[in-house]
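Below are the chains, spelled out letter by letter.
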Amino acid sequence: MNFNDIKALDEGYVLQTYARNQLAIDHGCGATLFDAEGKKYIDFTSGIGVCSLGYANEAWARAIYDQAMKVGHISNLFYTEPYAKLASRLVPAAGMAAAFFGNSGAEANEGMIKVARKYSYEKYGQGRSAIITLKNSFHGRTITTLKATGQDHYHDYFFPFTEGFRYAQANDMDSLLSQAGEDVCAVMMELIQGEGGVNPLEKEFVQSVAKLCQERDWLLLIDEVQTGVGRTGTMFAYQQFGVQPDVVSFAKGIAGGLPFGGFMTNEKCRNVLRAGDHGSTFGGNPMAAAAANVVMDTLTPAFLEEVREKGQYLRERIAALGSPYVSGIRGMGLMLGVGVQGMTHRELKDKLMERGLLCLTAGADTLRLLPPLVITRKELDQGLAIMAEVMGA
Ligand SMILES: *Cc1c(COP(=O)(O)O)cnc(C)c1O
């Protein structure tokens, strides 16, 4: 089918909930994609930070196929090797105690919120259930995670929302303390606000929040749905902030493109959720877990170092364009935000797409770059050449 046929079917039969790019992707290899007409694109999106191993990765596809031919799904009422094996690798890599596997970022954050509320209820009783989150954050699209998201426009229409969320200004301890009270049980935050504009938090702020959480026995919940699993050049971003969460969520990049998410708790919280307290029909599906094990095979210390180097290279090369359209570059590893001026971020994204480079947008004025972690120097250079054409001085 060509683009117009695909689009006509979609518009006829699909809820139009996305501001879609006018492009139908057909196939890819590495960090290179091809549309339905066969036109080539360099990919600086990896889905939205999902396809960490790029496209058509042999080991990844083989692991999914092999697992599908053994057992593609079985309920969580049985043990399976890929699930147990994945947990045994991810948990130590994160410095945590135990994992729960679900399917998506919002679901992972819901689980994290449940841990916080039950921990507090069992220790302190009712009335201590409020969670402080940050303004400009993004935590998901369920009724609860929409409310956890600190952006007003996500709080329209879908009333009544889950109660018990309060918002503090990022990098502002006074603002956070102004939301503190007897009713608080946790602070939940991203360390780089992704959807909100690729804004890294200040290390000092993050450490102060962690300290306050310890003092007040609030749980520190870190949402690493976007930043986790190698994206920022370490297994988790908090490893570069010098803090350790009580609970951390992850999703996007973990299974390289299959739906997968979850959270890990520290020792203090490992027995909060017990049999019957939480679950997920599809969570930890053996094929998705097998795929995630391939991602874990890939993320060696040397590979993570390359992610940091490639991120640094991309950053330096974009700065060296001397583009009048760039107001600044932020981020860590291969999670970069380019501030856009002189045109809108969407106009710039569309111009780059026309020339063969796929990028994302974030916040009000940011071009968001989340290339596959396996992107090659050659692909980076091809993408940069397109940026130079479109944005050059
Ligand atoms: C994408 C994202 C989510 C939501 O994940 P879904 O898989 O879409 O539910 C939550 N938190 C952060 C930080 C994200 O980037």
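Our structure's up above, just so we're on the same page.
Rules of the game
Residues numbered from 1 in each chain as written. Predicted model: local features only at pLDDT ≥ 70, side-chain atom pairs only at ≥ 80, totals over all residues. Heavy atoms only, no water. Helix = DSSP H or I, 4+ residues; strand = E, 2+ residues; numbered from the N terminus. Rg over C-alpha atoms; globule rule 2.2 N^0.38 Å. Buried < 20%, exposed > 50% of the residue type's maximum accessible area, 1.4 Å probe, protein only. Areas by Shrake-Rupley, 256 points an atom, 1.4 Å probe, with all protein chains shown as cover. Lys, Arg positive; Asp, Glu negative; His and termini not counted. Charge placed at Lys NZ, Arg CZ, Asp CG, Glu CD. Core = buried A, V, L, I, M, F, W, Y, C linked by side-chain atoms within 4.5 Å. Contact = heavy atoms within 4.5 Å. Near = heavy atom within 4 Å. Polar contact = N/O pair within 3.5 Å; in protein donor to acceptor, adjacent residues only side chain to side chain. Nonpolar A, V, L, I, M, F, W, Y, C, P; charged D, E, K, R; others polar. Salt bridge = Lys/Arg side-chain N within 4 Å of Asp/Glu carboxyl O. Phe/Tyr/Trp six-rings, centres within 6.5 Å; stacked < 30°, edge-to-face > 60°. Lys NZ or Arg CZ within 6 Å of the ring centre and 35° of its normal. Axes fitted to C-alpha atoms, helices over the stretch in contact; angles between N-to-C directions. Parallel < 35°, antiparallel > 145°, perpendicular 65-115°, else oblique. Left-handed = near helix turned anticlockwise from the far one by under 90°.

Q: Hey, could you run me through the overall build of the protein chain in this one?
A: What the protein chain contains, in helices and strands, is 12 helices and 17 strands. Taken over C-alpha atoms, the radius of gyration comes to 21 Å for the protein chain, in line with the 21 Å a tight globule of 393 residues would show. Considering only C-alpha atoms, the protein chain reaches an extent of 60 × 55 × 45 Å along its principal axes. When the 393 residues of the protein chain are sorted by exposure, 53% land in the buried category. Summed over all atoms, the accessible surface of the protein chain reaches about 17500 Å², with 53% contributed by carbon and sulfur. Once the 37 positive and 43 negative side-chain charges of the protein chain are each reduced to a mean point, those two points are 2 Å apart.

Q: Looking at this model, I keep getting lost on the nonpolar core. Mind explaining?
A: Among the nonpolar cores identified, the biggest contains 91 residues, and Leu176, Met189, Phe236, Leu352, Leu369 and Met387 are the most heavily contacted of them. Per element, the largest residue contribution to this core is 8 residues, and it comes from helix α9 (residues 286-298). Not counting the four nearest positions on each side in its chain, methionine 387 is found in contact with Ile318, Leu321, Leu352, Leu357, Leu367, Leu369 and Gly392. Counting residues in each nonpolar core, the second largest holds 19 residues, with Met112, Ile113, Tyr119 and Leu219 among its members.

Q: Is there a simple way to think about the site of the ligand in this case?
A: Around the ligand, the neighbouring residues are Ser104, Gly105, Ala106, Asn109, Phe138, His139, Gly140, Glu190, Asp223, Val225, Gln226 and Lys252. The contact in question runs from an oxygen atom of the ligand to an N or O atom on the backbone of glycine 105, over 2.8 Å. Look at the ligand: alone it shows 390 Å² of surface, and the protein chains cover 81% of it. Element by element, the count of residues in the shell around the ligand is highest for helix α5 (residues 105-124), at 3 residues. Looking at the shell around the ligand, its residues break down into 3 nonpolar, 6 polar and 3 charged.

Q: When you look at the pattern of salt bridges in this model, what are you seeing that I'm missing?
A: Close approach of charged atoms allows side chains of opposite charge to pair. A full pass over the atoms with the stated rule returns 15 salt bridges. Residues aspartate 183 and arginine 166 are paired through a salt bridge, measuring 2.7 Å at the closest nitrogen-oxygen approach. Of this pair, aspartate 183 sits in the loop between α7 (173-178) and β7 (184-189) while arginine 166 sits in strand β6 (residues 165-168), and the two are 17 residues apart along the sequence. Taken together, the shared-partner salt bridges in this structure form one network comprising Lys118, Glu122, Arg274 and Asp277.

Q: Hey, could you run me through the packing of aromatic side chains in this one?
A: Think of a pair of aromatic rings as described by two things: how far the centres are apart, and how the planes are tilted against each other in angle. Applying the stated criterion across every chain, the model contains 8 aromatic pairs. Consider the rings of phenylalanine 236 and tyrosine 238, whose centres lie 5.7 Å apart with planes at 10°: the pair is stacked. A relative accessible area of 0% places phenylalanine 236 in the buried class. Owing to a relative accessible area of 0%, tyrosine 238 belongs among the buried residues under this scheme. Taking the ring centre of tyrosine 124 as reference, the NZ or CZ of arginine 128 above it sits at 3.9 Å. The ring of tyrosine 313 has arginine 377 sitting right over it, with the charged end atom 4.7 Å from the ring centre.

Q: Any chance you could explain the packing of helix α10 (residues 301-320) against helix α12 (residues 377-391) here in plain terms?
A: The axes of two packed helices give the description: the angle between them and the distance between them. At a closest axis distance of 11 Å, the pairing of α10 and α12 adopts a crossing angle of 20°. With respect to their mutual orientation, α10 and α12 come out roughly parallel. As α10 runs across α12, the sense of the crossing is right-handed. On the side of α10, the interface is formed by Glu309, Lys310, Tyr313, Leu314, Arg317 and Ile318, while α12 contributes Arg377, Leu380, Asp381, Leu384 and Met387. Among the residues forming the contact of α10 with α12, the class breakdown is 6 nonpolar, no polar and 5 charged.

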